[in-house]
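Chain and residue survey
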Amino acid sequence: MKRVAILGGGYAGMAAAVELVDAGLRVAVLEAGKVLGGRARKVPLDGRALDNGQHLVIGGYRDLLAMMQRVGVDPDTAYLRTPLDLAVQPDFHLRCPAWPAPWHLAAGLARVKGLSWGERWALIRAVLGAQRARWVLPTDCSVAAWLHLERQPTRLIDCFWRPLTVAALNTPLELASAQVLFNVLRDSLGGARDASDLLFPKVDFSALFPEAAAAYVERHGGSIWLGQTVKQLARTGERWRVNDDATAFDGVVCALPPHRLGMALHRDLAEELGVDVAALESWDYQPIVTLYLEYHRAALPQPMVGLSGGLVQWVFDHGHTHDVSNRIAVVLSARGAHSELPREALERAVAIELDRAFGWGQPDWCRLIAEKRATFACVPGLSRPANATRAPTLWLAGDYTAGDYPATLEGAVQSGRKAARGIIAALQT
């Protein structure tokens, strides 16, 4: 039986592992952390099982949902699914009814609340224009530049386009790729009716897929090694060795974060493989800050509400999803004014904004989790590496590899599956 090493136990690595064991290969996953999931993982904190970042999924992420079902996780149980419902205070509200496509989108745009007739028409004109162009720009540009060309009003940008862009691409509006935003809109607003649904996780992100995938891999003869930092990868003839271990592997899927590829691929090996490690390390990376707060009394009318005009971007109510009443998660995506504040000052500022918006007072408990390199900056014209390298039995996997999506769980799963299929093809020749 051929042996394959998976370097990294995030969503890309675990998707590759499942694909490989289903092809009859023997897999070993090496993960440096104590839990699986990578940048979407469980974090034990003060006796609570939290996530290192609050995320949600859209219904158009078909590969992720299919992979979850494949390893025994029922998406209908693991998620709270709602039709697209974007409420941004003080008064913006876009909700698509559960009608067949494209009428759900048409109804949502026609009924959007909180906009003047001119602003509503500007939004409809921009979305329909992108649809008519089949969601393809002649030349990629920043979202800000595209919005300028589309004559989008400032208020509409602040209450809709800015929070949407930073949530989808984790990149400031002025830097974010309009074409990648189009790709996301194409597969959500422009897709089937349920593609634009919002899926709110009801379990932590390690349980959502990676842990179930690990159990699936082990049932099929594979192994999961936690606490195994990959420090060196070497080729001996046609086989590979990790960290000078005696075990030889017939193939490798390198699912490490892009800024850590240099840990495994030393300079000579990277050059031999055609992987520009220095370029990946020089990319701009964007953070995600999540604050978890618990109150004596706090509740939202729906699972997620946005705020505009301040530091807070999106507010999530765990009473809707985790059966934990009075726990709130606040997401601050990408770099912004909040990035300059010390931790305690940021916590105070967020609590003040929440009190001003919802009247909750001061929290009884608050913790902040910062993922400093949560995603690559999704800028126009970014040259992302292919999954394949010059070695037929070593493939890259991760949400940063070439693809339509920004750094998302869907992109990670798609990349992991593609890398696994490349290894399978190489070992069958």
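Everything below is about the structure printed above this text.
Attention here is on the structure that accompanies the text. (Residues numbered from 1 in each chain as written. Predicted model: local features only at pLDDT ≥ 70, side-chain atom pairs only at ≥ 80, totals over all residues. Heavy atoms only, no water.)

Focus: the sheet that holds strand 13 (residues 251-254)
The sheet built from 5 strands is open, its strands ordered 10-2-1-13-19 with parallel pairing. Since the sheet does not close on itself, it has two edges, and those belong to strand 10 (223-226) and strand 19 (394-396), each with one partner. Strand-to-strand twist in this sheet, taken as the mean axis angle between neighbours without regard to direction, amounts to 15 degrees. The pairing of strand 13 with strand 19 spans 3 bridges and is classified as parallel. Bridge pairing in strand 19 places valine 253 opposite tryptophan 395. Sheet strands in contact with helix 16 (residues 409-428) are strand 1 (3-7), strand 13 and strand 19, and its direction is about 165 degrees off that of strand 19. (Pairing = 2+ DSSP bridges. Helix = DSSP H or I, 4+ residues; strand = E, 2+ residues; numbered from the N terminus. Axes fitted to C-alpha atoms, helices over the stretch in contact; angles between N-to-C directions. Contact = heavy atoms within 4.5 Å.)

Some words on the state of the cysteines
A full pass over the atoms with the stated rule returns 0 disulfides. This cysteine, cysteine 159, is not joined by any disulfide, and cysteine 96 carries the nearest cysteine sulfur, 15 Å off. Using a relative accessible area of 8% as the deciding quantity, one classes cysteine 159 as buried. We note that cysteine 378 lacks a disulfide partner, and the nearest cysteine sulfur, in cysteine 141, lies 13 Å from it. You can call cysteine 378 buried: its relative accessible area is 3%. (Disulfide = S-S within 2.5 Å. Buried < 20%, exposed > 50% of the residue type's maximum accessible area, 1.4 Å probe, protein only.)

A closer look at the pairing of strand 12 (residues 239-242)
With burial as the criterion, only one face of strand 12 is covered, namely that bearing Trp240 and Val242; the residues Arg239 and Arg241 on the opposite face remain uncovered. Pairing geometry for strand 11 (residues 233-236) and strand 12, over 4 bridges, is antiparallel. Bridged to arginine 235 within strand 12 is tryptophan 240. Connecting the antiparallel pair strand 11 and strand 12 is a turn made up of 2 residues, with glycine 237 showing a positive phi of about 65 degrees.

A word on the packing of helix 1 (residues 11-22) against helix 16
Running from N to C, helix 1 and helix 16 point in directions that differ by 40 degrees, and their axes come no closer than 7 Å. Comparing the axis directions of helix 1 and helix 16 gives the class oblique. As helix 1 packs across helix 16, the resulting crossing turns out to be right-handed. Between helix 1 and helix 16, the residues in contact are Tyr11, Ala12, Ala15, Ala16, Glu19 and Leu20 and Leu409, Ala412, Val413, Gly416, Arg417, Ala420, Arg421, Ile423 and Ile424, respectively. (Parallel < 35°, antiparallel > 145°, perpendicular 65-115°, else oblique. Left-handed = near helix turned anticlockwise from the far one by under 90°.)

Some details on the sheet that holds strand 15 (residues 304-307)
Overall, mixed pairing links the 7 strands, which are arranged 8-7-15-16-17-14-18 in an open sheet. Of all strands in the sheet, those bounded by a partner on one side alone are strand 8 (92-95) and strand 18 (365-376). For this sheet, the mean angle separating the axes of adjacent strands, direction not counted, is 20 degrees. Summarising the sheet, strand 7 (residues 85-89) and strand 15 pair through 2 bridges and their orientation is parallel. Counterpart to valine 88 in the pairing with strand 15 is glycine 306. Sitting on the sheet, helix 15 (residues 343-358) is in contact with strand 7, strand 14 (285-294), strand 15, strand 16 (314-317), strand 17 (327-333) and strand 18, with an inclination near 110 degrees to strand 18.

Digging into the packing of aromatic side chains
Per the counting criterion, the structure on display carries 13 aromatic pairs. Note on tryptophan 146 and phenylalanine 182: the rings are 5.0 Å apart at their centroids and 85 degrees apart in plane angle, and the pair reads as edge-to-face. You can see tryptophan 146 sitting in helix 6 (residues 143-149) and its partner phenylalanine 182 sitting in helix 8 (residues 178-186), a full 36 residues away along the chain. Through a chain of ring-to-ring contacts, three or more aromatic side chains come together here, namely Phe92, Trp135, Trp146, Phe160, Trp161 and Phe182. The ring of tryptophan 365 has arginine 48 lying over it, and the distance from NZ or CZ to the ring centre is 3.9 Å. Across the ring face of tryptophan 117, the terminal group of arginine 120 is positioned such that the distance to the ring centre comes to 4.6 Å. (Phe/Tyr/Trp six-rings, centres within 6.5 Å; stacked < 30°, edge-to-face > 60°. Lys NZ or Arg CZ within 6 Å of the ring centre and 35° of its normal.)

Notes on the environment of tryptophan 395
Its location among the elements puts tryptophan 395 in strand 19. Taking the relative accessible area as the measure of exposure, tryptophan 395 reaches 16% and is therefore buried. Counting along the chain gives 314 residues from tryptophan 395 to arginine 81, while the straight-line C-alpha distance between them is 34 Å.

Digging into the nonpolar core
Formed by 133 residues in total, the largest nonpolar core has its most connected members in Leu7, Tyr11, Leu20, Trp161 and Leu233. If one sorts the elements of this core by residue count, helix 1 sits on top with 9 residues. With residues up to four places along the chain from it excluded, the contact list for tryptophan 161 reads Leu123, Ala126, Val127, Trp146, Leu147, Gln152, Leu156, Leu173, Leu181 and Leu185. One finds Val289, Leu293, Leu307 and Leu311 within the second-largest nonpolar core, a separate group that totals 20 residues. (Core = buried A, V, L, I, M, F, W, Y, C linked by side-chain atoms within 4.5 Å.)

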